[in-house]
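Listed here are the chains, written in short residue letters.
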Amino acid sequence: RQLPGEERDRREKCFGSLAPAPKRWWSQMSLTPAQDSPSAPVNVTVRHLKANSAVVSWDVLEDEVVIGFAISQQKKDVRMLRFIQEVNTTTRSCALWDLEEDTEYIVHVQAISIQGQSPASEPVLFKTPREAEKMASKNKDEVTMKEMGSSQQLRTGEVLIIVVVLFMWAGVIALFCRQYDIIKDNEPNNNKEKTKSASETSTPEHQGGGLLRSKI
């Protein structure tokens, strides 16, 4: 694929070109550096792994002035080296592009200062995933998010049902208490009416008995 001029220049500057590695290139990179050269980068890690790309990051010692970096990238068991170098930058990471899926790579990082280059860092081995595995992982994450959303919706519905049932029970209890108060208030009136009715019924009998006794 033909890249536009500026984009092609930038990619060539970042990645350089692929060239066969010398037989002893690892040992050559590990030669004793100049006396004032920086120390080798530390904490070299590879993250954001994808089928065709990755990001390598590193740290340098605080008391060292670094003006750039150099990265050596090689397929495992293949004598083909990609050399990436960039100066006038304080970045501590670099993107690796045009990788092959399901392939193992080895990377080294060197720091660049005015005095020269540092020794190579400890080698880091990583393997790019398959495109199908990446898609499966992505689909799994999407399914997990959907399940979480469905579970949250179910929990919300359950809470609403519980709240409605509680309100209904509260209404039933309030109605029962009201009816109980009404019945309790009416009980003295009913007792008075019963007493009055009984007294009215018994009074004529006593009067009638008294009249009979007086006639005798």
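Residues numbered from 1 in each chain as written. Predicted model: local features only at pLDDT ≥ 70, side-chain atom pairs only at ≥ 80, totals over all residues. Heavy atoms only, no water.

- By the naming in an unreviewed UniProt entry, the chain goes by Fibronectin type III domain-containing protein 5 and is assigned to Neovison vison.

1. Topic: the overall build of the chain
Thinking step 1. Across its full length, the chain carries three helices and nine strands.
Thinking step 2. Walking the chain from its N terminus toward its C terminus, one meets helices and strands in the order α-β-α-β-β-β-β-β-β-β-β-α.
Thinking step 3. By the burial criterion, 24% of the 216 residues in the chain qualify as buried.
Thinking step 4. Looking at the chain alone, contacts between residues at least 24 apart form 66% of all its contacts between residues at least 6 apart.
Thinking step 5. Of the roughly 16100 Å² of accessible surface on the chain, a fraction of 56% belongs to carbon and sulfur atoms. (Helix = DSSP H or I, 4+ residues; strand = E, 2+ residues; numbered from the N terminus. Buried < 20%, exposed > 50% of the residue type's maximum accessible area, 1.4 Å probe, protein only. Contact = heavy atoms within 4.5 Å. Areas by Shrake-Rupley, 256 points an atom, 1.4 Å probe, with all protein chains shown as cover.)

2. Considering the packing of aromatic side chains
Thinking step 1. Evaluation of the coordinates by the stated rule reveals two aromatic pairs.
Thinking step 2. Where Trp58 meets Phe69, the ring centres are 5.0 Å apart and the plane angle is 55 degrees; that geometry is what we call tilted. One end of the pair, Trp58, is in strand E3 (residues 54–59); the other, Phe69, is in strand E4 (residues 68–75), and 11 residues separate them in sequence.
Thinking step 3. A relative accessible area of 4% places Trp58 in the buried class.
Thinking step 4. Ring geometry for Tyr105 versus Phe126: centroids 5.7 Å apart, planes at 20 degrees, classification stacked. On the criterion of sequence distance, the pair formed by Tyr105 in strand E7 (residues 104–113) and Phe126 in strand E9 (residues 124–127) is long-range, its members being 21 residues apart. The same class applies to Tyr105 and to Phe126, which are both buried. (Phe/Tyr/Trp six-rings, centres within 6.5 Å; stacked < 30°, edge-to-face > 60°.)

3. Here's the deal with the nonpolar core
Thinking step 1. Formed by 18 residues in total, the largest nonpolar core has its most connected members in Val56, Trp58, Ile71, Cys94, Leu96 and Phe126.
Thinking step 2. Put simply, the parts of the chain that give this core at least two residues each are E3, E4, strand E6 (93–96), E7 and E9.
Thinking step 3. If one sorts the elements of this core by residue count, E7 sits on top with four residues. (Core = buried A, V, L, I, M, F, W, Y, C linked by side-chain atoms within 4.5 Å.)

4. Some points on the UniProt feature "transmembrane region" (unreviewed entry) in the chain
Thinking step 1. Under the local residue numbering, the UniProt record ascribes the feature "transmembrane region" (unreviewed entry) to residues 159–177.
Thinking step 2. For residues 159–177, the helix share is 100%, the strand share is 0%, and the end-to-end C-alpha distance is 27 Å. (UniProt positions renumbered as here; feature names shortened; annotations may be inferred.)

5. A word on the pattern of salt bridges
Thinking step 1. Applying the stated criterion to the full structure yields four salt bridges.
Thinking step 2. For the salt bridge of Lys127 with Asp102, the shortest nitrogen-to-oxygen distance reads 3.2 Å. Taken together, the positions of Lys127 in strand E9 and Asp102 in the loop between E6 and E7 put the pair 25 residues apart, joining distant regions of the chain.
Thinking step 3. A relative accessible area of 45% places Lys127 in the partly exposed class.
Thinking step 4. The exposure class of Asp102 is partly exposed, given its relative accessible area of 29%. (Salt bridge = Lys/Arg side-chain N within 4 Å of Asp/Glu carboxyl O.)

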